[in-house]
Structures are given as structure tokens and as C-alpha cells.
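Geometric and topological summary
One-letter residues, chain by chain:
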Amino acid sequence: MPALRIENLVKSYGAVPVLKGINLSVENGDVIAVIGRSGSGKSTMLRCINGLEPFQKGAIEVAGHKVDTASTHLRALRKEVGMVFQSYNLFPHLNVFENITLAPRVVKRLPRDEQAALVKEVLTRVGLEEKAGAYPDELSGGQQQRVAIARSLAMKPKVMLFDEVTSALDPELTGEVLKTIAELAEAGMTMVLVTHEMGFARRVATRTVFMHEGRVWEEGSSEEIFTNPRTPELRSFIAPSLK
Ligand code: ADP
Ligand code: MG
């Protein structure tokens, strides 16, 4: 069973078609980079996968769960899929420990005596084991984003979705977040990541998907996509990054 399967996904906002029949299959342990111009539908696709957006046609399955917007299905889905956005959305009045344990306590009824071990485990994975007591405004943007990743990991998702998680960060902070994501990849986490970091996509992703005008325009091994683009649209998109 693939970790994620998307079949003929069609999504419109009103009369405006945004996703025009997306097909994508992601195996366990795959790291998929999604690239493409602004407005090509990348975020919308991730939001459909996570049940944040209804869609008109097609089917999505994550770790054996069918995605539809009925609330019972969504609750099951949210345990399987983690999502991290450009803005970290940490609760400012909660410290790192409380931010991380909030969902596991509420959704999974995680017992109090298991919380410290969980926090330690996920903070270690993002290299911030010293920061459990810190409040978000005491952390750099890069550290806050790594806490957001840790918070997502605390739900033990089968698939992680990342939507341009470094776009709001200064270059020197981008590196530490990409390093964290690369380490998750190495540890075998299944991930779909929308990114503008072409070098990172090429280096870390097993496959790269180029979206254009609401379609998967080209996909292949990252090596293939970056060294041998077949369509003029992909060639012109990646040209600046090859200079
Ligand atoms: P990307 O992430 O690739 O930049 P998006 O998925 O955000 O693209 O957007 C794809 C298209 O859908 C764009 O044309 C955008 O204007 C439109 N769109 C996105 N969200 C909404 C919305 N909530 N209502 C109407 N149109 C939207
Ligand atoms: Mg987007």
C-alpha cells in the first residue's frame, strides 16, 4: 500500500479550476519535492491531502485512510498526516513543551507521565533538546520552525507535508531548518515538500514533481528532473537555479 495516493484530483474555487486532474503515488520512505511557479496549485494540493480543502473529483488516500471532509474521517486522518507551514503558528502564550504536547494530550489523551519522554524525543530530532521551557518569542525564526516540526512529529505521523517552510526565514536560518528536514529524510520519514530550494530538492528528494497550471507537468527522479528536463516549461523554471 502506498503511503499516499492521489487519483484524478480535481479542485476548483468557484468556477476557477485550480487542480486539473492530479495523479501522484508516494511510497513509504519517499521524499517528494514539489516545485513550480507561484499559483500552480502546490499549496492547494497539500491542503487537499490534509483534509483542509474539499475537492470536487477524484480520490486521496493516506496510509489507508480515505480523505474526505466528514469529521470522523478527518480526525483519523490528522493522526496520520503532519503539516508544517511557512508561518510556524506556535501558540505564543505556551512554552515549547506545552506547544508540543497540546495535540497529543487533546487528540490522543497522552498520559502526563509520558509527555516528558515524547517532548525529549521530538526535540532531539530537531536539535533543540535544551529548549523545552522556552517561549516562542525567545527563539529565532529557525528555532521556532524546528519546534513546529517537532510539534508535528509528536503526533507520530506516517506522512509529513511541508509547505515552503523556509520562505519566511533569512538565509542563515534556512540552512538549519533544511538540515533538520534532511535528517528526517535520512531517518526514513515519508515527506512531500513544496520548496523553492532547488539545490535542496535535488540533493534530498528521491523524486521531484513539477507542477504547472494545476497539473503534474513532469515528474521523475530528482536527478532526471534537474539534469534532463523534457518540457520547455520545466526547463525555463529551473534555468535560474542552474546558473
Ligand atoms: P501555489 O501554492 O503553487 O503558489 P496555490 O495552491 O496557493 O498555488 O494557488 C493556486 C491557485 O488557486 C491560484 O490561482 C490562487 O489564486 C488560487 N487560490 C488559492 N486559494 C484560494 C482561495 N481560498 N480562494 C480562491 N482562489 C484561491
Ligand atoms: Mg503555495
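Refer to the structure above for everything that follows.
Let us look at the structure shown here. (Residues numbered from 1 in each chain as written. Chains lettered and ligands numbered in written order. Predicted model: local features only at pLDDT ≥ 70, side-chain atom pairs only at ≥ 80, totals over all residues. Heavy atoms only, no water.)

Some points on helix 9 (residues 232–242)
Taken as a whole, helix 9 has its buried residues at L234, F237 and I238. Looking straight down helix 9, one finds that the buried residues subtend no more than 75 degrees of arc, so they occupy a single side. Projecting away from the buried face of helix 9 at angles above 90 degrees are the exposed residues P232 and P240. Packing partners of the buried residues in helix 9 comprise strand 3 (31–35), helix 7 (198–204), strand 9 (207–212), strand 10 (215–221) and helix 8 (222–227). (Buried < 20%, exposed > 50% of the residue type's maximum accessible area, 1.4 Å probe, protein only. Helix = DSSP H or I, 4+ residues; strand = E, 2+ residues; numbered from the N terminus. Arc of directions from axis to C-beta. Contact = heavy atoms within 4.5 Å.)

Some details on the pattern of salt bridges
Inspection of every chain in the model, using the stated rule, returns eleven salt bridges. Here E80 and K158 are joined by a salt bridge, their closest N and O atoms 2.7 Å apart. With E80 in helix 2 (residues 71–80) and K158 in the loop between helix 5 (141–153) and strand 7 (159–163), this pair connects stretches of sequence that are 78 residues apart. You can call E80 buried: its relative accessible area is 11%. Through salt bridges with shared partners, a single network forms among R5, E7 and E61. (Salt bridge = Lys/Arg side-chain N within 4 Å of Asp/Glu carboxyl O.)

With respect to the site of ligand 1
Neighbouring ligand 1 are Y13, V18, R37, S38, G39, S40, G41, K42, S43 and T44. One of the side-chain nitrogen or oxygen atoms of Y13 is found 3.4 Å away from a nitrogen atom of ligand 1. Take S40: an N or O atom from its main chain is 3.2 Å from an oxygen atom of ligand 1. In isolation ligand 1 exposes 560 Å². Once the protein is present, 55% of that is buried. Per-element accounting of the shell around ligand 1 gives the leading share, three residues, to helix 1 (residues 42–49). Residues of the shell around ligand 1, tallied by class, amount to two nonpolar, six polar and two charged. (Near = heavy atom within 4 Å. Polar contact = N/O pair within 3.5 Å; in protein donor to acceptor, adjacent residues only side chain to side chain. Areas by Shrake-Rupley, 256 points an atom, 1.4 Å probe, with all protein chains shown as cover. Nonpolar A, V, L, I, M, F, W, Y, C, P; charged D, E, K, R; others polar.)

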